[in-house]
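# Descriptive analysis of the structure
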Amino acid sequence: MAEAENPERVGSMLEHLDELRRRLTRVVLAVGIGFVIALIFYEELWDLLRAPYDQIYDKDLQSILPAEPFSVAMRIAGFGGLLLATPYLVSQVWGFVAPALTKREKRWAVPIVAALTFLFATGVVFAYNVLPRALDVLGGFLEVEYQPTIGQYTTFALRFMAVFGLTFQFPVFLFAAAAMGAISVEQLRKGRRWAVLVIVIVAAAATPTGDAFTLATLAVPLYLLYEVTILIVRLVVRKPKPD
């Protein structure tokens, strides 16, 4: 009996792999298109990226390698392309997992995709706005002449924004778990202490510098998002009716 089912299982697995391949191809193409668009405007994006640095320091960034400006332009275009493709990327991920979900779970598709996109963008914008303060605090510990290269600054700034964008999405997964009945408001409330511990650990591991200021800058909004998630779950998610 099991042997008779094997061809069907193999066929189903191949269909899933083919679907995954098609969606990955679409995502790569979307990121590629976003990359090209961002590359066209890389000078404007570079001016935007270096603005936090210029608010704190009155000296120009330097380049010590011949290919460094080109490398910076590619990284900026890559990050910009990823930002532009984020809504499509999230929709493709959801489209891949949706067939395995129930009708009740599928109705959250549009809100969840929109929330993931919005929170990622919010995290990036929040990080961009606190970046000048972070540069000021981090550069003020020792009386030394600070002369970063454009590559070093670009890597730090993009990583700083990416970390905030990614970690700001965790409330969506908590909400999704609550919507599917995997976790309740009461469990979220009782888990506040554990949430604080996990948030601090994640913030310490995720922040590019590991200093207390950057850790707190990430951990505090994450905990506030945790509390907002509890409120939204309490107001929106209905308890399943007993049979």
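### Here's the deal with the overall build of the chain
- If you tally the helices and strands in the chain, you get 10 helices and 0 strands.
- Reading the secondary structure of the chain in the N-to-C direction produces α-α-α-α-α-α-α-α-α-α.
- Counting every position in the chain, which comprises 243 residues, the buried fraction comes to 38%.
- Once local pairs closer than 6 in sequence are excluded, the contacts in the chain between residues at least 24 apart make up 84%.

### Description of helix H3 (residues 68-97)
- The first and last C-alpha atoms of H3 sit 40 Å apart over 30 residues, in line with the 44 Å expected at 1.5 Å per residue.
- A bend of about 55° at Thr86 is the largest found in H3, and the proline Pro87 appears one to four places after it.

### So, the pattern of salt bridges
- With the rule as written, the count across this model stands at 8 salt bridges.
- Among the ionic pairs, Arg23 bridges to Glu19, the shortest N-O distance being 2.6 Å. Taken as a pair, Arg23 and Glu19 lie in helix H1 (residues 2-40) at a separation of 4 residues, close to a single helical turn. The pair formed by Arg23 and Glu19 is uniform in burial state, with each residue classed as buried.
- When the shortest N-O distance is used, the salt bridge between Arg50 and Asp54 registers 3.0 Å. Of this pair, Arg50 and Asp54 both sit in helix H2 (residues 42-56), 4 residues apart, which is roughly one turn of the helix.
- Connected through salt bridges with shared partners, the residues Asp18, Glu19, Arg21, Arg22 and Arg23 form a single ionic network.

### Considerations on the nonpolar core
- Ranked by internal contacts, the top residues of the largest apolar core, which has 54 residues, are Trp46, Leu49, Tyr153 and Phe160.
- Contributing elements (two or more residues each) for this core: H2, H3, helix H5 (109-138), helix H6 (150-167), helix H7 (170-179), helix H8 (185-190), helix H9 (192-206) and helix H10 (212-236).
- Ranked by residue count, the leading element in this core is H5, at 12 residues.
- If near-sequence neighbours (up to four positions away) are discounted, Tyr153 is found in contact with Trp46, Leu49, Arg50, Pro52, Tyr53, Leu61, Leu131 and Leu135.

### Some details on H5
- With 30 residues, H5 should cover 44 Å at 1.5 Å per step; its first-to-last C-alpha distance of 41 Å lies within 8% of that length.
- At Val130, H5 is bent by approximately 40°, the largest bend along its length, and proline Pro132 sits one to four residues beyond.

Conventions and cut-offs
Residues numbered from 1 in each chain as written. Predicted model: local features only at pLDDT ≥ 70, side-chain atom pairs only at ≥ 80, totals over all residues. Heavy atoms only, no water. Helix = DSSP H or I, 4+ residues; strand = E, 2+ residues; numbered from the N terminus. Buried < 20%, exposed > 50% of the residue type's maximum accessible area, 1.4 Å probe, protein only. Contact = heavy atoms within 4.5 Å. Expected span 1.5 Å × (residues − 1). Bend = angle between axes of the 7 residues up to and from the residue. Salt bridge = Lys/Arg side-chain N within 4 Å of Asp/Glu carboxyl O. Core = buried A, V, L, I, M, F, W, Y, C linked by side-chain atoms within 4.5 Å.

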